[in-house]
Amino acid sequence: MKIDIVSIFPGYFDVLELSLLGKAAKSKLVDVTVHDLRDATTDVHKSVDDTPYGGGAGMVMSPEPWGTMLDGVLQEDSWLVVPSPAGQLFSQSLAVEFSQAPHLVFACGRYEGIDQRVVEHYRTTHRVVEVSVGDYVLNGGEVAALAMMEATVRLLPGFMGNPESLVEESHEKGLLEYPSFTKPRTWRGLDVPEVLLSGNHDAIRTWREEQSLERTRQVRPDLLED
Ligand code: 6GU
C-alpha cells in the first residue's frame with residue numbers, strides 16, 4: 001500500500017521510523033511519503049492560511065497550496081483522508097476499509113481547518129473521507145493521521161506475525177477484549193482466574209466471552225445497542 005501525508009509539520013511523522021509502521025515500511029508492505037505543504041506555496045512567507053470569511057477566531061488554511069499539492073500527489077485510485085473533528089468517527093470497520101485501498105492520502109490541516117472547497121472539489125473526482133478520531137479537540141490532523149495509519153497498516157496481509165490475534169482483539173467483533181494474564185500465578189496476593197489454569201478450552205472460551213460481554217456492558221454499553 002502507498003500512503004502520502006501532507007502537513008505543515010512533516011517532522012511529526014519522524015516517529016513512523018521507530019514504530020511498528022517502520023517495520024512495515026522496511027518490509028515493503030507500505031511506502032510512506034511525507035510532503036511539506038509549504039513547498040506548494042508561492043509567496044516569500046510561504047503562507048498557508050488566512051482569516052475566515054464571515055469573521056470569527058483563528059485562521060483557515062487557504063485552498064491554493066492544498067490544490068497545488070494534492071493535484072501532484074493524488075492518483076486516479078487514491079482515497080483522500082481529511083482528519084477533522086467535524087468528520088465521521090473513525091472505527092475498526094473504517095480501518096478495514098482503508099487497509100483495502102490502493103493509495104491513501106492524508107491531508108493534515110491545522111488551525112481552524114482547511115477551506116471547505118478543497119473537500120468539495122476533490123469529491124468530484126476521488127473518494128474523500130473527513131474523519132474524526134474522537135469527541136475531543138486536537139490542534140491538527142497529524143496525531144489523528146498517525147492513529148488511523150497505525151490501525152490501518154497492522155491489518156495489511158503479512159503485517160501481523162500471528163493474524164489470529166487480529167480476530168480476537170477488542171472491537172473486531174464489536175465487543176471489548178477479555179482480560180489477559182500471564183505468570184506468576186499469584187502476584188501481590190492476586191490469583192489468576194482458576195478457569196484459565198484448567199486446560200478446559202470450552203470453559204475458557206465461555207469465560208472469555210462472558211468477560212468480554214460484561215466489560216462491554218460496564219464500560220461501553222453503547223456498543224451493545226445494535
Ligand atoms: Cl481528526 N482533528 C482535530 N483537529 N481534532 C480532532 C480530530 C481530528 N479528531 C478528534 N479531534
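Residues numbered from 1 in each chain as written. Predicted model: local features only at pLDDT ≥ 70, side-chain atom pairs only at ≥ 80, totals over all residues. Heavy atoms only, no water.

Asks: Break down the site of the ligand for me, citing the residues and quoting the values.
Replies: Inspection of the region around the ligand gives P83, S84, P85, V131, S132, V133, G134, Y136, L138, G140 and A144 as its neighbouring residues. Residue Y136 places a main-chain N or O atom 2.5 Å away from a nitrogen atom belonging to the ligand. Out of a free accessible area of 290 Å², the ligand has 96% covered by protein chains. Elements supplying a minimum of two residues to the shell around the ligand: strand 5 (78-89) and strand 7 (127-132). Of all the elements, strand 5 adds the most residues to the shell around the ligand, at three residues. Its residues assigned to classes, the shell around the ligand shows seven nonpolar, four polar and no charged. (Near = heavy atom within 4 Å. Polar contact = N/O pair within 3.5 Å; in protein donor to acceptor, adjacent residues only side chain to side chain. Areas by Shrake-Rupley, 256 points an atom, 1.4 Å probe, with all protein chains shown as cover. Helix = DSSP H or I, 4+ residues; strand = E, 2+ residues; numbered from the N terminus. Nonpolar A, V, L, I, M, F, W, Y, C, P; charged D, E, K, R; others polar.)

Asks: Run through the sheet that holds strand 2 (residues 31-36), naming residues and quoting values.
Replies: Strand pairing in a sheet takes place through backbone hydrogen bonds and is either antiparallel or parallel in direction. The parallel open sheet is built from five strands, whose spatial order is 2-1-6-5-7. Each of the sheet's edge strands pairs with one partner strand only, and the pair in question is strand 2 and strand 7. Pairwise comparison of adjacent strand axes, ignoring direction, gives a mean angle of 25° for this sheet. Pairing analysis gives six bridges linking strand 1 (residues 2-7) to strand 2, with the strands arranged parallel. Directly across from D4, in strand 2, lies its bridge partner T33. (Pairing = 2+ DSSP bridges. Axes fitted to C-alpha atoms, helices over the stretch in contact; angles between N-to-C directions.)

Asks: Outline the nonpolar core, supporting the account with residue identities and numerical values.
Replies: F98, F106 and M149 are the most contacted members of the largest nonpolar core, which totals 31 residues. Of all the secondary-structure elements, those providing two or more residues to this core are strand 1, helix 1 (20-26), strand 5, helix 3 (92-99), strand 6 (103-107), strand 7 and helix 5 (142-153). Considering each element in turn, this core owes the most residues, seven residues, to helix 5. Residues in contact with F98, not counting those within four places in the same chain, are M1, W79, V81, F90, L104, V129, V131, M148 and T152. Counting 20 residues, the second-largest nonpolar core is a separate cluster that includes W66, L80, A107 and V128. (Core = buried A, V, L, I, M, F, W, Y, C linked by side-chain atoms within 4.5 Å. Buried < 20%, exposed > 50% of the residue type's maximum accessible area, 1.4 Å probe, protein only. Contact = heavy atoms within 4.5 Å.)

All quantities given are derived from atomic positions and should not be read as evidence of function.
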